[in-house]
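# Observations on the three-dimensional arrangement
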Amino acid sequence: PQAALETLDAALLRVPGASELYEAKGRLLARLSRPAEAAAALERALALRPQNPALRKYMEALARLATGGNADQAAADLARRYALDMGQTAEKALKLGVPSKPVDAARVLLDRKVVHVHDNGLSEMFAQRLVHIMTEPGARANDAFYIRYTPGSQEVEVRQARVFRKNAAGAVETSSATGRDDRDLSEPWYALYYDNRALVVTFDGLLPGDVVEIQYTVADVSSRNELAGYFGDFQFVAETVPTDVWQYTLVGPQNKKFFFHEPTLPGFARKESAGRGQIEYQFEARDVPKMRPEPSMPGWAEVAPYFHVSTYETWDQVGRWYWNLVAEQLVPDAEVKRRAGDAVKG
């Protein structure tokens, strides 16, 4: 063990910014029952790479063990802190049942997202969604749920995927999703290739009256932010079915400025709270009416209420970032200079 520590220390002298070396040293010190030194090394590793969810969970487990707890019951992560127990809401919906002539194919009982942003702009997101199925078309529209992610730089974890259903005796039964699949979202038939995939959760055999719940996390795991500290998110508030509760929570460092576009919806609420170097923004909309698609209608972002958050306040700031990107990384050769000169000639 001592030789291993000396090897790691020698490597850290050569590469002092390598988070994986600090993590290796911290894990080794933890196995050697030197918790204080282990915590210092692991905290350094997390400071260098804050978007490492596996390391955060490991540190939480060590903290729980230090206080006499069980490592399997580590301190709550993002999902455990913000997940809502929707069992009673689902049972209430099942008790109300489905109208004899339902107007809507389904109803969103809860659409909730919580995003934790790090200093470098990378983030992790927890989502929770609860949908009450009203009709057969509604069952077909909700029998598969797509979780989009970028392979290599994001990790997806499905924490809960279940169906609430009332049996013949009137009791509520719960069953799990029937399948999971990973699909490429590229469209080669149009010569369109995307650097993202989707984890698809399927719910076979859905029936009108069922309530579907899914909880999942998407975490950035890249070693760096390719957009230089930028963070942005865009969420539609309204769907083609009514929504009872829409919620969005953003947690980030107090020294990072966030700018928001809030939809003009009746009763749209915003709250802020701060502490321990973090600031939390909470946004909520209730009883959001559905949007009605029409032939040849404008783009969805032009007609549907949406929520937008960005670390850029103006388009000029976005343009400046791209200008710097071009100036720093794209070196023009003689051909580029000739074509540029021809373009502005006269």
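Residues numbered from 1 in each chain as written. Predicted model: local features only at pLDDT ≥ 70, side-chain atom pairs only at ≥ 80, totals over all residues. Heavy atoms only, no water.

## Examining the overall build of the chain
Worth spelling out the cut-off: By the criteria applied, helices consist of DSSP H or I runs no shorter than four residues and strands consist of E runs no shorter than two, each listed in order from the N terminus. Relative accessible area decides the class of each residue, using a 1.4 Å probe on protein chains only: under 20% of the type maximum gives buried, over 50% gives exposed, and in between gives partly exposed. Counting rule applied: Lys, Arg positive; Asp, Glu negative; His and chain ends not counted. Lysine's charge is taken at NZ, arginine's at CZ, aspartate's at CG and glutamate's at CD.
What the chain contains, in helices and strands, is ten helices and 14 strands. Along the first, second and third principal axes, the C-alpha atoms of the chain reach 80 × 75 × 45 Å. Classification of the 346 residues of the chain by burial places 40% in the buried group. Treating the 42 positive side-chain charges of the chain as one cloud and the 46 negative ones as another, the clouds have centres 2 Å apart.

## Examining the packing of aromatic side chains
The geometry of an aromatic ring pair comes down to the distance between the two centres and the angle between the two planes. This is how it is decided: Only Phe, Tyr and Trp rings are paired, with Trp represented by its six-membered ring, and only when their centres lie within 6.5 Å; those with planes under 30 degrees apart are stacked, over 60 edge-to-face, the remainder tilted.
In total, this model carries 17 aromatic pairs according to the counting rule given. Relative to Tyr312, the ring of Tyr230 has its centre 5.3 Å away and its plane inclined at 20 degrees; by these criteria the two rings are stacked. Within this pair, whereas Tyr230 is found in the loop between β8 (211–220) and β9 (232–236), its partner Tyr312 is found in the loop between β14 (306–310) and α9 (315–329), the two being separated by 82 residues in sequence. With a centroid separation of 5.2 Å and an interplanar angle of 85 degrees, the aromatic rings of Phe234 and Phe236 are classed as edge-to-face. Exposure remark for Phe236: the relative accessible area of 30% places this residue in the partly exposed category.

## Here we look at the packing of helix α2 (residues 19–31) against helix α3 (residues 35–48)
Test applied: Orientation is described by axes fitted as lines to C-alpha atoms, over the contacting stretch for helices, and by angles from 0 to 180 degrees between their N-to-C directions. Throughout this description, any angle smaller than 35 degrees is read as roughly parallel, any larger than 145 degrees as roughly antiparallel, any in the 65 to 115 degree range as roughly perpendicular, and the remainder as oblique. Handedness of a crossing follows from how the near helix is turned relative to the far one, being left-handed for an anticlockwise turn of less than a right angle and right-handed for a clockwise one. Residue contacts follow a heavy-atom distance rule, with two residues in contact if any of their heavy atoms lie within 4.5 Å. When residues are grouped by polarity, Ala, Val, Leu, Ile, Met, Phe, Trp, Tyr, Cys and Pro land in nonpolar, Asp, Glu, Lys and Arg in charged, and all others, Gly among them, in polar.
The interhelical angle for the contact between α2 and α3, taken along N-to-C directions, is 160 degrees, at an axis separation of 8 Å. One finds that α2 runs roughly antiparallel with respect to α3. Two packed elements cross with a definite hand, and for α2 against α3 that hand is left-handed. Contacts from Ser19, Tyr22, Glu23, Lys25, Gly26, Arg27, Leu29 and Ala30 in α2 reach Glu37, Ala38, Ala41, Leu42, Arg44, Ala45 and Leu48 in α3. Here the residues of the contact of α2 with α3 are counted per class, giving eight nonpolar, two polar and five charged.

## Describing the side chain of Arg112
Our working rule: By definition, a salt bridge exists where a carboxyl oxygen of Asp or Glu is found within 4 Å of a side-chain nitrogen of Lys or Arg.
Its location among the elements puts Arg112 in strand β1 (residues 106–117). For the buried residue Arg112, which engages in no salt bridge, the nearest side chain bearing the opposite charge is Glu284, 6.4 Å off. If we skip the residues at most four places from it in the chain, Arg112 touches Tyr82, Leu84, Phe126, Ala127, Gln128 and Gln247.

## Here's the deal with the sheet that holds strand β5 (residues 172–176)
Spelled out, the test is: Between any two strands, pairing holds if DSSP finds at least two bridges.
Ordered in space as β5-β4-β8-β2-β1-β10-β13-β12, the eight strands form an open sheet in which the pairing is mixed. Looking at which strands have only one partner, the edges of the open sheet turn out to be β5 and β12 (269–275). Within the sheet, the average angular offset between the axes of one strand and its neighbour, ignoring direction, is 10 degrees. For β12 and strand β13 (residues 278–288), the ladder comprises seven bridges, and the chain directions are antiparallel. In the strand pairing of β13, Glu272 is matched with Tyr281. Together, β1, β2 (123–133), β4 (154–166), β5 and β8 form the strand contacts of helix α6 (residues 87–96), whose direction differs from that of β4 by roughly 40 degrees.

Take it as geometry only, folks, not as evidence of what the structure does.
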